[in-house]
Amino acid sequence: MIPLVLVIDDDVTLNRLMVGQLNRMGHAATGVHSWAAAQAYLQQHDPHLVLLDCQLPDARGRDILPQLVGDCPVIIITAYGSVKEAVGAMQAGAAEYLLKPVNLDELQLVIHKVLDAHSMKQEFLYLKEQVQKRKSFMIGQSPALKEVENMIDAVAPSMMTVLIQGESGVGKELVAREIHERSQVASRSFVALDCCTMQENLFESELFGHEKGAFTGADRQKKGLIESAEGGTLFLDEIGEITPAIQAKLLRILETGRFRRLGGTRDLSANVRVVAATNRDLLAMSQEGTFRADLFYRLNGFTIYVPPLRQRRDDIPALVKHFINNHDFSRRVNKHLSEEALAKLVAYPWPGNIRELKNMVERAIILSGDTARILPGHIMLSDGVVSTTAAKPASKGVSLDFEQIPTLDDLEKHYLHLLLDKFNGHRGKVARTLGISERNVYRLLKKYEFMEV
Ligand SMILES: Nc1ncnc2c1ncn2[C@@H]1O[C@H](COP(=O)(O)OP(=O)(O)OP(=O)(O)O)[C@@H](O)[C@H]1O
């Protein structure tokens, strides 16, 4: 498509020069010398770009600009010495400005830049719209999941705080994203913070931000995630892990909408919707005194419980199909599950829930090689590891059960397996939990020949 360009300039010579240059660049340019002539042109055409002289005989550029900028990018041409006018035009929405006398090389550069930026913006807006229009990412038709969907629909349009409860890997973060996507603030940011992976100070500065000099190394002011989520949704994952000091600050945000950056003396307002998730029993924790009861009641105003996969086995076939279809390699070889393999999956208790199912499907795809059919032999369910934290959400510790007395290597291997499942294969989080470097985690992955390596 050849871009249409309209040049509105009463300087006849400059106008002709610019039109000539634009046509040589492969555009279809038309020159007019007044606003009246431009209006006549605009009634018949939709140009992709307008070059507009600030001083026309029958109108001033800054009065016309608002009528043009909504439809296409506008480059202002202004007399040398009227930079102030050019700045005003930029503030009113002009894409760029050129000073007279116009240098034709510069004209070419600026036009390329403006058209490229405009097409990128159009593409971005298109993609954003597509993403917003997209249907739910939540797969499954079971009555239990439908109930969760109904709860999401009910609460999403309000700005109410929501608590999502459920075992690890059931899809709590997905539910939080759905609440955001179906809310009135869907076009604003969704900011997620995992409360269990950071030390208290780091976490505080990440969430609330800090002022310059708040602590050693704070050499400049930094905004926190609360400010990044301004007008949108702040998702606090693993809320049961936050310390009492942070619990108090979070309570203040929920009660008053106010907070301070670390080292700050000024209150700032937090205009965010808070959605929190946990696999712990917050009620029991608040009764034991490890989680503030007042914060629990604030969060608990609207709770969505996401049931474990073993209570909605009907969803397994659709989930497996979804994970296979979303795997590049399996799409190429048209992978599918044999009936026996599916039966094996449906019978399994899934202590690691949908995350475990997803990892298992990905492993089975690799193990089945070039054959299209995934057979029961390609499905490796956890061998020997009978229970994990996932099966005991209220417990803070970890239990590994073995059929025989394990060696040190068995313990290491199974604990690594458990952490990989818990953190969805995230090596950084595994390393932080084990207190070793990521390089060492990588070494262990190789040692035990995990498929993720
Ligand atoms: N209904 C679903 N449809 C499709 N994918 C799902 C569904 N539920 C969960 N998943 C996928 O399963 C994985 C785990 O989900 P998610 O991270 O939301 O679980 P979680 O409950 O937040 O886990 P954790 O407690 O460990 O933070 C993700 O890859 C997610 O996309």
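Above this text you will find the structure in question.
Okay, so let's go over this structure. This one's a predicted model, so the numbers in the text were calculated from it and none came from an experiment. (Residues numbered from 1 in each chain as written. Predicted model: local features only at pLDDT ≥ 70, side-chain atom pairs only at ≥ 80, totals over all residues. Heavy atoms only, no water.)

**As for the packing of helix 13 (residues 316–325) against helix 16 (residues 353–367)**
- The N-to-C vectors of helix 13 and helix 16 enclose an angle of 50°; their axes lie 10 Å apart at closest approach. It follows that helix 13 is oblique to helix 16 by the angle criterion. In this structure, helix 13 crosses over helix 16, and the sense of that crossing is right-handed. Of the residues in helix 16, those touching helix 13 at I316, L319, V320, F323 and I324 are I354, L357, K358, V361 and I365.
- Within the contact of helix 13 with helix 16, the residues separate by chemical class into nine nonpolar, no polar and one charged. (Axes fitted to C-alpha atoms, helices over the stretch in contact; angles between N-to-C directions. Helix = DSSP H or I, 4+ residues; strand = E, 2+ residues; numbered from the N terminus. Parallel < 35°, antiparallel > 145°, perpendicular 65-115°, else oblique. Left-handed = near helix turned anticlockwise from the far one by under 90°. Contact = heavy atoms within 4.5 Å. Nonpolar A, V, L, I, M, F, W, Y, C, P; charged D, E, K, R; others polar.)

**Overview of the nonpolar core**
- One finds I226, L234, L236, I239, I242, F291 and L299 to be the most contacted residues of the largest nonpolar core, which totals 31 residues.
- Listed by contribution, the elements that provide at least two residues to this core are strand 7 (190–194), helix 8 (200–208), helix 9 (225–228), strand 10 (233–237), helix 10 (244–256), strand 13 (273–278), helix 11 (282–288) and helix 12 (293–299).
- Those residues in contact with L236 that sit more than four places away from it in its chain are L193, C195, L207, L250, V274, V275, A276 and A277. (Core = buried A, V, L, I, M, F, W, Y, C linked by side-chain atoms within 4.5 Å. Buried < 20%, exposed > 50% of the residue type's maximum accessible area, 1.4 Å probe, protein only.)

**Some thoughts on the packing of aromatic side chains**
- This structure, assessed with the given rule, holds four aromatic pairs.
- For the ring pair F296 and Y297, a centre distance of 5.1 Å and an interplane angle of 65° mean the geometry is edge-to-face. (Phe/Tyr/Trp six-rings, centres within 6.5 Å; stacked < 30°, edge-to-face > 60°.)

**Things to note about unusual backbone geometry**
- Residue P101 follows K100 across a cis peptide bond; omega there is 0°.
- Note that P101 resides in the loop between strand 5 (96–99) and helix 5 (104–133).
- Here E238, not a glycine, exhibits a phi torsion of approximately 55°, which is positive.
- As for its placement among the helices and strands, E238 is situated in the loop between strand 10 and helix 10.

**Focus: the site of the ligand**
- Taken together, 19 residues sit near the ligand, with I139, S168, K172, E173 and R355 positioned nearest.
- A distance of 3.2 Å separates an oxygen atom of the ligand from a polar backbone atom of L174.
- Those elements giving two or more residues to the shell around the ligand turn out to be helix 7 (172–181), helix 13 and helix 16.
- By residue class, the composition of the shell around the ligand is eight nonpolar, three polar and eight charged.
- The residue makeup of the shell around the ligand includes at least three contributed by each of domain 2 (143–305) and domain 3 (311–378). (Near = heavy atom within 4 Å. Polar contact = N/O pair within 3.5 Å; in protein donor to acceptor, adjacent residues only side chain to side chain. Domains from an automatic or database assignment.)

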